[in-house]
Amino acid sequence: MSGYTLMHEHTTIDLSGVKKDMDCRLDCYDETVKEYHRLHELGVGTIVDVTCDGMGRNPEYVSRVEEETGVHIVQSTGFYKEPFLPERVYGSTVEQLAQWMIGEVTKGIENGPKAGMIGEIGTSKDVMTDEERKVFDAAILAAEETKAPIYTHTTLGTCGLEQALYLRRSSLDLSRVVIGHMDLSGDLDYIRRVLATGVTIGFDTVGKKAYLPDETRVEFLKALEAEGMLGQVVLSMDLTRKSHLAYKGGIGYSYLIETFLPMLKEAGIAEESIQKMLVDNPKRILYGE
Ligand SMILES: [Zn+2]
C-alpha cells in the first residue's frame, strides 16, 4: 500500500428510501470514476469504503471503480444504525450476525472481495438503541475472531465516548478501532476524553461546512498536534450525495487533498503530522502495521 488513505468514504450508497430524497442515491458511476482518477493523480492510493449492508452496498460496482481507476478500495461488512438496519438484524442473534460478518471477512462479500473493515456501525443521536447494541456486540465478536478493524458512525459526534468505553470492555486492540465523525461534536474537550480511551477518531466530515467550519477542524487539529495526539486521528470527507460531487457543484472527492491540506499547512501543521493522519495511522488500523 502506498500513498494517502481516505478512511471513510462511500463509492456508491443509497439511503434514498429512508431519507425520501433521490440526492441520497449516489450512483453516478462515470463521475465517480472521473473523480477517483483525479484522486489517484493526487496521491491517494487507498479508499476505505464503509458502505455496509442496508446502505445500498454494491460490491461489484465498487470493484469495477477500483479496477478502472487504480485506487485500492477496501470494502466493509456490518450494519449501519436505525432506521437503516436491514431485516437480517432484527431476525438474528448476536452470534448469527457475528458469523455473517466473519464470513464476509474470511471468505468474501457476495459478489465482492473479502471485507477489510467492519463498519460503519453506528448509534443514533444521543442513544445506542437495543438493535444497535446487538450490532456492536456482533462486531466485537467478529473483530476478536478475525482481527479486522472497526469503524463506527456517531450521529453528530454524540455517544462517541459511550462507543469507545463499550468497545474497551472487549479484548480488542483499540489502536485499530476508529470512532467516526468526532469532528462533528464541535467540542475539543469531549474529543480529548474520547482519545484518552486509546481509540483513533475520525475527522472524517472534512468539507461539510454547514455542520462545522473547516477552520474549526484546523484549529482542533492544531491543538491536538501540540498535545501529541495526531497518532490517533484519521481524515476523510464522507461524501454520500450526488450533490457532493463536482459535476453537481459540490466539493468533490479531491477537496481534502486540494483545499484542506493547504489549509493545514498554512496553519503550521507539520508534514509529519499529515503523514500520520493520511498514511501511518491508516496502515496500522487496516493492517496492524
Ligand atoms: Zn457515518
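Provided above is the structure to which this section pertains.
In every chain, residue numbers begin from 1 and rise along the written sequence. Whole-chain, interface and lining totals are the exception, using all residues; otherwise, since this is a predicted model, local features are given only for residues with pLDDT of at least 70 and side-chain atom pairs are given and counted only at 80 or more. For side-chain calculations, the full set of non-hydrogen atoms in the structure is used, while hydrogens and water are omitted.

Concerning the overall build of the protein chain
Here a strand is any run of E in DSSP of at least two residues, a helix any run of H or I of at least four, and the numbering for each starts at the N terminus. Broken down by element type, the protein chain carries 11 helices and 11 strands. Each radius of gyration reported is based on C-alpha atoms, and the globular scaling rule is 2.2 Å times the count of residues to the power 0.38. For the protein chain, whose C-alpha radius of gyration is 17 Å, the value lies close to the compact-globule estimate of 19 Å for 289 residues. For the C-alpha atoms alone, the extent of the protein chain along its principal axes is close to 50 × 40 × 35 Å. Accessibility here uses a 1.4 Å probe with only protein chains present; expressed as a share of the type maximum, an area under 20% marks a residue as buried, one over 50% as exposed, and anything in between as partly exposed. Expressed as a percentage of the 289 residues in the protein chain, the buried residues total 61%.

A closer look at the coordination of the zinc ion
Looking at the zinc ion, one finds its protein donor set to be E120 (OE), H153 (ND1) and H181 (NE2), positioned 1.9 to 2.2 Å from the metal centre. In the primary structure, the donors to the zinc ion are separated according to the pattern E-x32-H-x27-H. In this pair, E120 sits in strand 7 (residues 117-122) while H181 sits in the loop between strand 9 (177-179) and helix 8 (188-195), placing the two residues 61 residues apart along the sequence. Per residue, the accessibility class of E120 equals that of H181, and both read buried. Any N, O or S atom lying within 2.8 Å of the metal counts as a donor, with the limit raised to 3.2 Å for Na, K and Ca; because water is left out of the atom set, some sites can appear incomplete.

A few points about the packing of aromatic side chains
Stacked, tilted and edge-to-face are the three classes assigned to paired rings of Phe, Tyr and Trp, where Trp is represented by its six-membered ring and a pair needs centres within 6.5 Å; plane angles under 30 degrees give stacked, over 60 edge-to-face, the rest tilted. Per the counting criterion, the structure on display carries five aromatic pairs. On the basis of an interplanar angle of 90° and a centroid distance of 5.0 Å, the ring pair of Y36 and Y253 is categorised as edge-to-face. Of this pair, Y36 sits in helix 2 (residues 29-41) while Y253 sits in the loop between strand 11 (233-235) and helix 10 (255-266); the two residues are 217 residues apart in sequence, bridging distant segments of the chain. Measuring from centroid to centroid gives 4.9 Å for F79 and W100, while their planes differ by 25°, and the two rings are stacked. Of the two residues, F79 sits in the loop between strand 6 (76-77) and helix 4 (87-90) while W100 sits in helix 5 (residues 94-106), which places them 21 residues apart along the sequence. Of the two residues, F79 and W100, neither departs from the other in class, the shared state being buried.

Some thoughts on the pairing of strand 1 (residues 4-9)
Of all six residues making up strand 1, six are buried, and the element is well covered by its neighbours. Note that strand 1 and strand 4 (residues 44-49) share four bridges and pair parallel. Each bridged residue has a counterpart across the sheet, and for T5 the counterpart in strand 4 is T46. DSSP bridges decide pairing: two strands pair if at least two such bridges lie between them.

A closer look at the sheet that holds strand 9
Strand order in the open sheet formed by six strands is 6-7-8-9-10-11, and the pairing between neighbours is parallel. This sheet does not close on itself; its edge strands, each paired only once, are strand 6 and strand 11. Sheet topology places strand 10 (residues 200-203) next to strand 11; three bridges connect them, and they run parallel. Across the sheet, G202 pairs through a bridge with V234, a residue of strand 11. Should any heavy atoms of two residues lie within 4.5 Å, those residues are counted as being in contact. Axis definition: a line fitted to C-alpha atoms, limited for helices to the stretch in contact. Angles are taken between N-to-C directions and run from 0 to 180 degrees. Packed onto the sheet, helix 7 (residues 160-168) meets strand 7, strand 8 (150-153) and strand 9 and runs at close to 160° relative to strand 9. Sheet strands in contact with helix 11 (residues 271-287) are strand 7, strand 9, strand 10 and strand 11, and its direction is about 110° off that of strand 11.

Some details on the environment of E145
Within the secondary structure, E145 sits in helix 6 (residues 130-146). Separated by 102 residues in the primary sequence, E145 and G43 have C-alpha atoms spaced 33 Å apart.

Concerning the nonpolar core
As used here, the term nonpolar core means buried Ala, Val, Leu, Ile, Met, Phe, Trp, Tyr and Cys residues forming a set that is joined through side-chain atoms within 4.5 Å. L221, L256, L264 and L278 are the most contacted members of the largest nonpolar core, which has 86 residues in total. Per-element accounting of this core gives the leading share, seven residues, to helix 6. In this structure L256 touches L6, V206, L235, S236, M237, L261 and L278, once residues within four positions along its chain are discounted. If you look at the next biggest cluster of nonpolar residues, it comprises 10 residues, including M7, M117, V178 and L286.

Thoughts on the pattern of salt bridges
Oppositely charged side chains can form a pair if their charged atoms are brought close together. Any Lys or Arg side-chain nitrogen found within 4 Å of a carboxyl oxygen on Asp or Glu counts as a salt bridge. Counted according to the given criterion, the structure contains 17 salt bridges. Here D14 ties to R25 by a salt bridge, and the two come within 3.1 Å at their closest N and O atoms. Here the residue D14 occupies a position in strand 2 (residues 13-14), and R25 occupies one in strand 3 (residues 25-26), the gap between them amounting to 11 residues. R25 sits in the partly exposed class, given a relative accessible area of 32%. Residues D27 and K242 are paired through a salt bridge, measuring 3.8 Å at the closest nitrogen-oxygen approach. One end of the pair, D27, is in the loop between strand 3 and helix 2; the other, K242, is in the loop between strand 11 and helix 10, and 215 residues separate them in sequence. For D27, a relative accessible area of 37% translates into the label partly exposed. Assessed through its relative accessible area of 16%, K242 is described here as buried.

Geometry only, nothing functional implied.
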